[in-house]
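Summary of structural features
Chain by chain, the residues:
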Amino acid sequence: MSRISEQRMERAQEQLRTISEEDHQKVKGLAGIVRPLRSVIHKTPDDHGMTEWRDVYFPSDDGTPLEGWYIPAKGGQSDKLVIFNHALPMCRSGFPGHLGEPWSGYDAAEIDFVLQMKHLTDAGYNVLAYDIRNHGNSSAANGGLSGIGRWEWRDCVGAKKYVDAHPELSGMRVGLYSQCMGGNSQYEAIYRRPGLFADVACMCSPMVVSMSAVFSAFSELQGISRYEELIDLELLKMGAFTADEMTPQLFAEGVTMPVLMIQVLEDAWTRNPEDAQKTFDLLGSEEKELVWIENTTRRFRDGYNYFGRHPEKVVPFFGAHMK
């Protein structure tokens, strides 16, 4: 399959000839989403009273060095482990939008993933959390670009290989908390390496997204929706994947474990409910549930913080499948 069809390329070239400089900068800015802003580790497990944690580091499947934390369950290490990953442009601790620029350009809200890890450790789960390539403290790769899963699936494979080779972690029952870009990555990792993930009990999958839906929504908000073909051309020129190539829908059929998906129903930054519903319907899982976050349009503030505010939905899901 061609990266961009001949007809779509012709439209992109015509748009390039006629677009204003102001609108062209907006188009380049949207394409630049795939060059992720690094979020700082603004919290550690100590901030929520989890004091027995340790730093860990391991290679991705392609050798990219990754950094993370191992946090044992409250009261001592248990026999259950949740592998926890994050969204773009975040890191294992969340998102420091409350610290101001440059992060507040996305949203001035704080996203606290460490609180979510505390909910898990309080419920008896050990947690392995890690920074995906080009994020947090993990190493750069792929020219500093994000594939929104298309390269990052190798990091999910690396995390699972680390667990399986570890003298203690390898004996634990494993669940996944894989969100947004991290969820897209996890879908492709499962699709490509089904045997590696065959023993995983379940996956909580918040906020997975197709980039074509993101670019469609953002281009409309910025008044440049007629330039979606040019966005693809700019992505291609950067060395990135095109919009239609960056979607979990290509790999959802390979996911057969129980899944809890969480999405913002009226998300201003994507095309829900259509995009999320299509991904959910394509999942190969017999046991699956889609939870809609209502009465908000804010993906960052209310979508990614949902588990921190509502552990009563997520924790019982793991409890039901990781006995």
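Please refer to the structure higher up on the page.
As the structure is a prediction and not an experimental result, all values here were calculated from the model. (Residues numbered from 1 in each chain as written. Predicted model: local features only at pLDDT ≥ 70, side-chain atom pairs only at ≥ 80, totals over all residues. Heavy atoms only, no water.)

With that settled, consider the overall build of the protein. Of regular secondary structure, the protein possesses eleven helices and ten strands. Its C-alpha atoms give the protein a radius of gyration of 19 Å, within 12% of the compact-globule value 20 Å for 323 residues. Counting the 323 residues in the protein, one finds 59% classified as buried. Within the protein, contacts between residues at least 6 apart in sequence are counted, and of these 80% link residues at least 24 apart. Surface exposure of the protein reaches about 12,800 Å², of which carbon and sulfur atoms provide 48%. In the protein, which carries 33 positive and 45 negative side-chain charges, the distance between the mean positions of the two groups comes to 2 Å. (Helix = DSSP H or I, 4+ residues; strand = E, 2+ residues; numbered from the N terminus. Rg over C-alpha atoms; globule rule 2.2 N^0.38 Å. Buried < 20%, exposed > 50% of the residue type's maximum accessible area, 1.4 Å probe, protein only. Contact = heavy atoms within 4.5 Å. Areas by Shrake-Rupley, 256 points an atom, 1.4 Å probe, with all protein chains shown as cover. Lys, Arg positive; Asp, Glu negative; His and termini not counted. Charge placed at Lys NZ, Arg CZ, Asp CG, Glu CD.)

The biggest cluster of nonpolar side chains holds 101 residues, and the ones touching the most others in it are Leu81, Ile83, Met117, Tyr187, Phe215, Tyr304 and Phe318. In terms of residue count, the dominant contributor to this core is helix H4 (residues 153-165) (six residues). Dropping the residues within four chain positions of it, methionine 117 is found in contact with Met50, Trp69, Ile71, Phe84, Arg92, Val127 and Ala129. (Core = buried A, V, L, I, M, F, W, Y, C linked by side-chain atoms within 4.5 Å.)

Turning our attention to the pairing of strand E8 (residues 203-206). Side chains on a regular strand alternate between the two faces of the sheet. The alternating pattern of E8 places Met203 and Ser205 on one face and Cys204 and Pro206 on the opposite face, and all of these are buried. Alignment of strand E7 (residues 173-177) against E8, held across two bridges, turns out to be parallel. From the neighbouring strand, tyrosine 177 faces E8, where its bridge partner is cysteine 204. For the segment spanning E7, helix H5 (residues 181-192) and E8, crossover handedness is right-handed. As defined by bridge partners, E8 adjoins strand E9 (residues 259-264) across four bridges and the pair is classed as parallel. (Pairing = 2+ DSSP bridges. Right-handed = clockwise from strand over helix to strand, strands pointing away.)

To continue, consider empty space enclosed by the protein. In this approach a probe as big as a water molecule rolls over the atoms, and the regions it shows empty are the leftover space. Summed over the entire model, instances satisfying the criterion amount to one cavity of 30 Å³ or more. Computed from the structure, the largest cavity encloses a volume of approximately 30 Å³. Along the walls of the largest cavity sit Ile148, Gly149, Arg150, Asn184, Glu188, Met246, Thr247, Pro248 and Phe251, which together make up its complete lining. Residues of the lining of the largest cavity, tallied by class, amount to four nonpolar, three polar and two charged. (1 Å grid on protein atoms, 1.4 Å probe; cavity = no way out; pocket = protein on both sides within 12 Å on 5 of 7 lines; lining within 4 Å. Points joined across faces, edges and corners; volume = space filled by probe spheres on them. Nonpolar A, V, L, I, M, F, W, Y, C, P; charged D, E, K, R; others polar.)

Of note, the bond from glutamate 101 into proline 102 is cis; its omega dihedral lies within 30 degrees of zero at 5°. Position of proline 102 relative to the elements: it lies in the loop between strand E4 (94-96) and strand E5 (110-112). The residue after asparagine 272, namely proline 273, is reached through a cis peptide bond having omega 10°. Its place among the elements puts proline 273 in the loop between E9 and helix H8 (274-282). Even without glycine at this site, asparagine 142 takes up a positive phi of about 55°. Residues other than glycine seldom take positive phi values, yet cysteine 180 does so here, at roughly 50°. Structurally, cysteine 180 can be placed in the loop between E7 and H5.

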